[in-house]
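In case you want the letters, here they are:
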Amino acid sequence: MSIAKRRRVVLLAAGVLLPLPWASGCSSSGDDSSPAAARRDVAAAARDGVADKGTLRWALGAAPGTFNAFQTNADSGTQRIAGAVLPSLFTLDGRGRPQRNPDYLQAADVVDREPKQVVRYKLNPKAVWTDGRPIGAEDFTAQWKALRGADGAYWTARNAGYDRIAKVEPGDGEHEVEVTFAKPYADWRSLFTPLYPKSVMSDPAAFNDGRRRGLAVSAGPFMMRSTTGGTKSVTLVRNPRWWGDRARLDKLVFKAVPVKERAAALLAGKLDLAEVDRAMAERIQDAAKVPGKNKENKENKGKNGQAGAEPSARHGAAAGTDLAAGGRDAADAMRAWAEANASKETRAKKAALRRLTVRKALEPAYTQLALNGTKGPLADERVRRAVARAIDRKDLAKLVLGPLDLPTKPLGNHLLMAGQQGYKDHSGAIGGKDTHAAQALLADAGWRADSASARQKALGAKTDEQGHDAARDKRDGEQRGGGKQDGGRGAGPDAGRSGRTGRAATAVVRKHGQPLELRFVVPTGAGTAPLGTVGERIARMLEAIGVRTKITKVSGSGYFKDHIASGDYDLALYSWPASAYPATDARPIYAKPQPAADGSLVVEQNYTRVGTDQIDQLFDQAVAELDSGSSRALVSRADARIWAAAGSIPLYQRPQLVAARKTVVNAGAFGFATPRYQDIGFRK
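On a predicted model such as this, the values are computed, not experimentally measured, just so you know. (Residues numbered from 1 in each chain as written. Predicted model: local features only at pLDDT ≥ 70, side-chain atom pairs only at ≥ 80, totals over all residues. Heavy atoms only, no water.)

(A) Summary view of the overall build of the protein chain. When its secondary structure is counted, the protein chain shows 22 helices and 26 strands. Sorting the 684 residues of the protein chain into buried and exposed places 52% on the buried side. Surface exposure of the protein chain reaches about 28,900 Å², of which carbon and sulfur atoms provide 48%. (Helix = DSSP H or I, 4+ residues; strand = E, 2+ residues; numbered from the N terminus. Buried < 20%, exposed > 50% of the residue type's maximum accessible area, 1.4 Å probe, protein only. Areas by Shrake-Rupley, 256 points an atom, 1.4 Å probe, with all protein chains shown as cover.)

In structure tokens, the structure reads:
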């Protein structure tokens, strides 16, 4: 397989698209700790409860650069639109399990394993393209030839799986297609989704450039009608040749709206569905809180004939007492007073917010702490393991997910999300938070704190039991105050008393007289605030074991290219999407870097540059194992090895926050589940 053309996985950083109980030991069985509500929140409604009309406006992060999902510049918008207009042979349920799509397939099975793996697809005889031609073997053949990687004229983003196929041909029965593999492929269900017509796949020009402005031929519940502003607005309408359940919506309009502009668009009624940041989600939730009808407020309003007097002024000492005690009646009274005295514009915004609701779930993506293992102290596995053991993942998950009322159990797997079949917590392979164990690992690697006696002699002053000069600590603590760290300013763990914690800081560890300092790169920009907070918290955790961090905040626009992909960092925070097919999709993320002819490293998507031959072998075995249970077991072993290598530390599944008009049904925070576009609409 070409290293450059494996299955492409999109990197996520802090909510920005740039191109996922805490246990001390491995669990012995699958761990489905994620409640169903955390996996999917879509306001489910039966089809007969959905209006058979309407236009739904759905926000995209950016205008799609192409409608060909297999090109390098395809993005989440490309995938979203493709799902509504093209065949998906297998869809995913809420737990990320592939499910045969009966709209296109009557059956799909492995019918032979020896001497070659053969998969037979029996197509729905009603399935046709919008030009009236039946979906058939010629479409499968064209897609295989375009994506197998043998013809450089096709600008493909990935060929994983397609490069293992030996031939595609019509089956013996009508509406049958048989695919014969040259090498066994466990993730065969990932192939031919989406399926494009042969008119797109049989010609390199059509593949490369022909689908940048639209799709002339499709085969979904919707079809593309028009694009405006380039592709900033894409309008889909019902497909008159669709053979399945009729789409409830007349139109589905995808609009490119940046995150920072979505709040205004939602309040202006220009969007019906949009992923939002935490700040907007909180505004919607706060607006939904209707102040209680405090009896005393009513009586006072009746006596005075007005609602404009401030509660504390109207109620005197009694109201002041209520407020001081945090009484619910007083809080409601204050909220009621604020609303009654708000400007017309403020009341209008509040009313607009109350027409919205927040759908929330755990996104099939996770945020990790990445440790660059190619240079400096982190090239030593013992130092990486020490950093990992200093991190309180439970605390970080609670910090991010707790305020959103989402499950706060930290993620224990790189390859599967909580709730996916086969999920196990393998964090025990590296061990839980243990400051003393972390310090012992550092000491074993030669990184030790100055001894108290040596420091006392050098300082000529009294030191505490940790080797700190109390007088100097006090002065430094007063001078540093808030302990600011930004724009490359260090979080100095040997800077006396810690300005961030107010406690005596642990002495910095040193080797050959040099302090252990790690450059921690954190992105800035829309949607990155949570990562900044998490980064600060991690810096404090590392300070406790004597590791100095130098936090460098960089623009989100250059974060991936200039820092992550180039390896210009020691520590970094970014996210990976999860997959229903980890044996295929996760391999390039954790593959051992290989030397190139020019002496550089080919890292694929392994931006930590940490990998082993054994991890690669386990992935290769898993993707070739046709027994699903055995394949999952191999993936599980690979994850345990990834943990042990300590190149990346999963922290938590990302929250997925979607603002939706209250009347929208069967849409919202989908989690892993594939949207059923024909059922999306407005409540009757």
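(B) Structural detail: the pairing of strand S11 (residues 233-238). Across the six residues that make up S11, a large majority, six, are buried. Summarising the sheet, strand S10 (residues 222-228) and S11 pair through six bridges and their orientation is antiparallel. Paired with Ser226 across the two strands is Thr235, which belongs to S11. Counting the residues between successive antiparallel strands, the hairpin from S10 to S11 contains four residues, one of them, Gly229, with a positive phi of roughly 60 degrees. Relative to strand S12 (residues 251-256), S11 is paired through five bridges, and the arrangement is antiparallel. (Pairing = 2+ DSSP bridges.)

(C) Up close: helix H2 (residues 76-85). Along H2, the residues that are buried comprise Gly77, Thr78, Ile81, Ala82, Ala84 and Val85. Projected down its long axis, H2 shows its buried positions confined to an angular sector of 160 degrees, all on one face. The secondary structure elements touched by the buried residues of H2 are strand S3 (55-60), S10, S11 and S12. A side-chain oxygen of the first residue of H2 lies 3.0 Å from the backbone nitrogen of Gly77; this N-cap is Asp75. (Arc of directions from axis to C-beta. Contact = heavy atoms within 4.5 Å. Polar contact = N/O pair within 3.5 Å; in protein donor to acceptor, adjacent residues only side chain to side chain.)

(D) Broad picture of the nonpolar core. Tyr121, Phe192 and Leu236 are the most contacted members of the largest nonpolar core, which has 106 residues in total. Sequence-distant contacts of Leu236, that is, excluding residues within four places in its chain, are made with Ile81, Ala84, Val85, Phe222, Met223, Met224, Arg225, Asp250, Lys251, Leu252 and Phe254. Core analysis: the second largest hydrophobic core is formed by 62 residues, Leu267, Val358, Leu396 and Ala438 among them. (Core = buried A, V, L, I, M, F, W, Y, C linked by side-chain atoms within 4.5 Å.)

(E) Looking closely at the side chain of Gln656. Turning to its location among the elements, Gln656 is positioned in strand S24 (residues 648-661). Classification of Gln656 by relative accessible area gives buried; the value is 6%. For Gln656, the side chain forms a polar contact with the main-chain nitrogen of Gly671, separated by 3.0 Å.

(F) Inspection of the sheet that holds strand S9 (residues 176-181) at higher detail. Sheet architecture is open: four strands sit in the order S6-S7-S9-S8, paired in antiparallel fashion. Two strands in the sheet have a free side with no partner beyond their single neighbour: strand S6 (105-112) and strand S8 (165-170). If you compare each strand with its neighbour and ignore which way they point, the axes differ by 15 degrees on average. Across the sheet, helix H3 (residues 137-147) lies against strand S7 (118-123), S8 and S9, angled at about 160 degrees from S8, the strand it touches most. (Axes fitted to C-alpha atoms, helices over the stretch in contact; angles between N-to-C directions.)

(G) Geometry of unusual backbone geometry. A cis amide bond links Glu114 to the next residue, Pro115, at an omega of -5 degrees. Take Pro115: it is sitting in the loop between S6 and S7. Residues other than glycine seldom take positive phi values, yet Glu604 does so here, at roughly 50 degrees. Checked against the element boundaries, Glu604 lands in the loop between strand S23 (601-602) and helix H21 (613-624). Even without being a glycine, Arg609 presents a positive backbone phi close to 65 degrees. Position of Arg609 relative to the elements: it lies in the loop between S23 and H21.

(H) Main features of the packing of H21 against helix H22 (residues 628-645). At a minimum axis distance of 8 Å, the contact between H21 and H22 shows a crossing angle of 165 degrees. Judged on the interaxial angle alone, H22 and H21 are roughly antiparallel. You can see that H21 and H22 cross each other, and the crossing is left-handed. Across from Gln614, Ile615, Leu618, Phe619, Gln621 and Ala622 in H21, the residues of H22 making contact are Ser631, Leu634, Val635, Arg637, Ala638, Arg641 and Ile642. For the contact of H21 with H22, a count of residues per class yields eight nonpolar, three polar and two charged. (Parallel < 35°, antiparallel > 145°, perpendicular 65-115°, else oblique. Left-handed = near helix turned anticlockwise from the far one by under 90°. Nonpolar A, V, L, I, M, F, W, Y, C, P; charged D, E, K, R; others polar.)

(I) Main features of the pattern of salt bridges. With the rule as written, the count across this model stands at 29 salt bridges. Between Lys167 and Glu169 there is a salt bridge, with its nearest N and O atoms 3.6 Å apart. The salt bridge partner of Glu517 is Arg548, with a shortest N-O separation of 3.4 Å. Linking Glu517 in strand S19 (residues 517-524) with Arg548 in strand S20 (residues 548-555), this pair joins segments that are 31 residues apart in sequence. You can call Glu517 partly exposed: its relative accessible area is 33%. In the salt-bridge network here, residues are joined through shared partners; they are Arg47, Asp103, Asp245, Arg676 and Asp679. (Salt bridge = Lys/Arg side-chain N within 4 Å of Asp/Glu carboxyl O.)

(J) Spotlight on the pairing of S12. Bridging between S3 and S12 involves six bridges; their strand directions are parallel. Of the residues in S12, the one forming a bridge with Trp58 is Phe254.

(K) Main features of the packing of aromatic side chains. Summed over all chains, the structure comprises 19 aromatic pairs. Aromatic side chains Tyr121 and Phe140 sit 5.4 Å apart centroid to centroid with 50 degrees between the ring planes, which places their arrangement in the tilted category. Residue Tyr121 is found in strand S7, and its partner Phe140 is found in helix H3; the two are separated by 19 residues along the sequence. Residue Tyr121 is classed as buried on the basis of its relative accessible area of 1%. In this structure, Arg148 packs its charged tip against the face of Trp144, placed 4.7 Å from the ring centre. (Phe/Tyr/Trp six-rings, centres within 6.5 Å; stacked < 30°, edge-to-face > 60°. Lys NZ or Arg CZ within 6 Å of the ring centre and 35° of its normal.)

(L) Examining the sheet that holds strand S17 (residues 509-511) more closely. Spatially, three strands are ordered S15-S17-S18 in an open sheet, and the strand pairing comes out antiparallel. A strand with exactly one partner marks an edge of an open sheet, and here the two such strands are strand S15 (448-449) and strand S18 (514-515). By the bridge criterion, two bridges tie S17 to S18 in an arrangement that is antiparallel. Note that in S18 the partner of Lys511 across the bridge is Gln514.

(M) Local environment of helix H13 (residues 393-401). For H13, the set of buried residues is Arg393, Leu396, Ala397, Val400 and Leu401. The buried residues of H13 all sit within an arc of 110 degrees when viewed along its axis, so they share a single face. Here the buried face of H13 lies against helix H7 (278-287), strand S14 (356-371), helix H17 (529-543), H22 and S24. Sitting at the head of H13, Asp392 places a side-chain oxygen 3.3 Å from the backbone nitrogen of Lys394.

(N) Looking closely at the environment of Leu147. For Leu147, the location among the structural elements is in helix H3. Along the chain, Leu147 and Gly161 lie 14 residues apart, while their C-alpha atoms are 9.1 Å from each other.

(O) The confidence of the model for the protein chain, seen in detail. For the protein chain, the average pLDDT comes to 85, and 79% of its residues sit at 70 or higher. Segment residues 293-325: pLDDT under 50, and 32 contacts once partners within four positions in sequence are set aside and those in other chains are kept. Segment residues 453-502 is flagged for pLDDT under 50; beyond a separation of four residues in sequence, or across chains, it makes 87 contacts in the model. (pLDDT = per-residue confidence, 0-100.)

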